[in-house]
Amino acid sequence: MKEGVPTNGSAAGVRGPLRWSRMLLGMVAGLGVAVVVVLVVNPHVGRELETAGDQAGRPALFGLVALALAVALAADAASLVLPVRMLVPEASRWGTVAAALEAHLVGGATSFGGLEIPYQVMRLRRLGLSVSQATSAVIVKGFVHTMVLAGVALAALLPRTASLLTPLQRLILVSATIGLGAAWLLGWLWLRRPLGVSLVPERVRRGVFAMRRAMADLGRAKTRILVCLVALQVVYWVAMFALLVLILLAYGWRGGIWPIVVGQAVVQVLMPLSPLPGGGGVAELGYLSLIGPSVPESIRLASLVVWRATTWLIPVGLGALTLGLRRGVEGRQ
């Protein structure tokens, strides 16, 4: 995969599937569908947003929302720095942080997501990692990230919270979680014992065995690495789930936190089902159907707008700013 940015530092934007114009169109499409979904569910958006603004009795809590977002982004970046520095101690720490931040732009502005994985691999290669080392670091981080989320989402099936889901929603959640877990497990097992690898081209075969060596390097410190990665991802998800709780508290909400947390986890699992950037449409429907019943109607739409801006638009904007600053620095060198 090409780097995705012009080598001459021009304003042409990102190349190939990561061209700036395509990502902008994707964002517009995602936002458009999100707006349509909200308008269909409740056409009186303007009036309700104005009313909710008058009910924001504790606006200082929005400062804690910004702090929680900063903690989440920092923990996510540290989750990439940890395995990278384990494999290649001389790799740039700040370069790795930039790769993690830019991944929010790539993942949040492209259809179906997923491109942030090869993008991070490409960026890490520029920092001195081999393909196998970069891929291993990203995969290990992604595995822990996904499993922590899946664990919280499956808590929605507990008797205490099962009533929040319809039978169809429970079926979708179980199917999506099992499919996700099975994909990760099969990939991991095949990497440990790649049956049929002799049938693939020599270049691919060399890459598989190189990745196995890199995974073995991580495996020698697996206890420490995994414990630290799990801890960082727990911090990440706690901060992410705290965002909505703080937003609701800023609007004067008082209620049970557990249904809000579990509802967010379920929405996060279902969002990849949307073909649009940022899970457009699915995220809004999920919020209104899973979290909305636990939130007063007067602040439901306002909290949705602020939550989507905080968890989607701001990280994408920060990733774009990071990419622009990095390209500016590289252009002057």
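Residues numbered from 1 in each chain as written. Predicted model: local features only at pLDDT ≥ 70, side-chain atom pairs only at ≥ 80, totals over all residues. Heavy atoms only, no water.

S.K.: Would you explain the overall build of the protein chain in this entry?
M.R.: What the protein chain contains, in helices and strands, is 12 helices and 0 strands. Put simply, the protein chain has 333 residues, and 47% of those count as buried. Intrachain contacts of the protein chain at a sequence separation of at least 6 include 73% that bridge at least 24 residues. Per element, the accessible surface of the protein chain, about 16100 Å² overall, is 68% carbon and sulfur. (Helix = DSSP H or I, 4+ residues; strand = E, 2+ residues; numbered from the N terminus. Buried < 20%, exposed > 50% of the residue type's maximum accessible area, 1.4 Å probe, protein only. Contact = heavy atoms within 4.5 Å. Areas by Shrake-Rupley, 256 points an atom, 1.4 Å probe, with all protein chains shown as cover.)

S.K.: Got a minute to help me understand the side chain of Ser-303 in this structure?
M.R.: On the secondary structure map, Ser-303 appears in helix α12 (residues 297–332). A distance of 2.6 Å separates a polar atom in the side chain of Ser-303 from a polar atom in the side chain of Tyr-287. A polar contact of 2.8 Å, which involves the side chain of Ser-303, links it to the backbone oxygen of Arg-300. Once residues within four sequence positions are removed from consideration, Ser-303 is found in contact with Leu-244, Ile-247, Leu-248, Tyr-251, Tyr-287 and Val-295. (Polar contact = N/O pair within 3.5 Å; in protein donor to acceptor, adjacent residues only side chain to side chain.)

S.K.: Would you explain the packing of helix α3 (residues 61–87) against helix α4 (residues 93–108) in this entry?
M.R.: Each packed pair of helices is defined by two parameters, the angle between the axes and the distance between the axes. Their axes nearest at 9 Å, the elements α3 and α4 cross at an angle of 130 degrees. On the basis of their axis angle, the class for α3 and α4 is oblique. Where α3 crosses over α4, the handedness of that crossing is right-handed. Between α3 and α4, the residues in contact are Leu-73, Asp-76, Ala-77, Leu-80, Val-81, Val-84 and Arg-85 and Arg-93, Thr-96, Val-97, Ala-99, Ala-100 and His-104, respectively. For the contact of α3 with α4, the class distribution of residues is 8 nonpolar, 2 polar and 3 charged. (Axes fitted to C-alpha atoms, helices over the stretch in contact; angles between N-to-C directions. Parallel < 35°, antiparallel > 145°, perpendicular 65-115°, else oblique. Left-handed = near helix turned anticlockwise from the far one by under 90°. Nonpolar A, V, L, I, M, F, W, Y, C, P; charged D, E, K, R; others polar.)

S.K.: Any chance you could explain the side chain of His-104 here in plain terms?
M.R.: Within the secondary structure, His-104 is located in helix α4. A distance of 3.4 Å separates polar atoms of two side chains, one belonging to His-104 and the other to Asp-76. When sequence neighbours within four positions are dropped, the list of residues in contact with His-104 reads Leu-73, Asp-76, Pro-315 and Val-316.

S.K.: Sorry, what's going on with the nonpolar core here?
M.R.: Nonpolar side chains tend to gather and get buried jointly when the protein is soluble and globular. Counting residues in hydrophobic clusters, the biggest one holds 50 residues, and the most contacted among them are Leu-248, Ile-260 and Tyr-287. Elements supplying a minimum of two residues to this core: α3, α6 (131–154), α9 (222–250), α10 (257–270), α11 (282–291) and α12. By size, the runner-up hydrophobic cluster in this structure holds 17 residues, among which are Val-81, Val-88, Ala-91 and Val-97. (Core = buried A, V, L, I, M, F, W, Y, C linked by side-chain atoms within 4.5 Å.)

S.K.: How should the pattern of salt bridges be read in this particular structure?
M.R.: Pairs can form between side chains of opposite charge once their charged atoms are near each other. Per the counting criterion, the structure on display carries 3 salt bridges. When the shortest N-O distance is used, the salt bridge between Arg-308 and Glu-284 registers 2.6 Å. Placement of Arg-308 in helix α12 and of Glu-284 in helix α11 is noted, with a sequence separation of 24 residues between them. A residue is classified by how much of its surface remains accessible, and Glu-284, at 3% relative accessible area, is buried. (Salt bridge = Lys/Arg side-chain N within 4 Å of Asp/Glu carboxyl O.)

S.K.: Looking at this model, I keep getting lost on the packing of α3 against α6. Mind explaining?
M.R.: Where α3 meets α6, the closest approach of the two axes is 9 Å, and the angle between their N-to-C directions is 140 degrees. By the angle class used here, α3 and α6 are oblique. For the pair α3 and α6, the sense of crossing is right-handed. The segment α3 lies against α6, with Asp-76, Ser-79, Leu-80, Pro-83, Val-84 and Leu-87 engaging Gln-133, Ala-137, Val-138, Lys-141 and His-145. Grouping the amino acids of the contact of α3 with α6 by side-chain chemistry returns 6 nonpolar, 3 polar and 2 charged.

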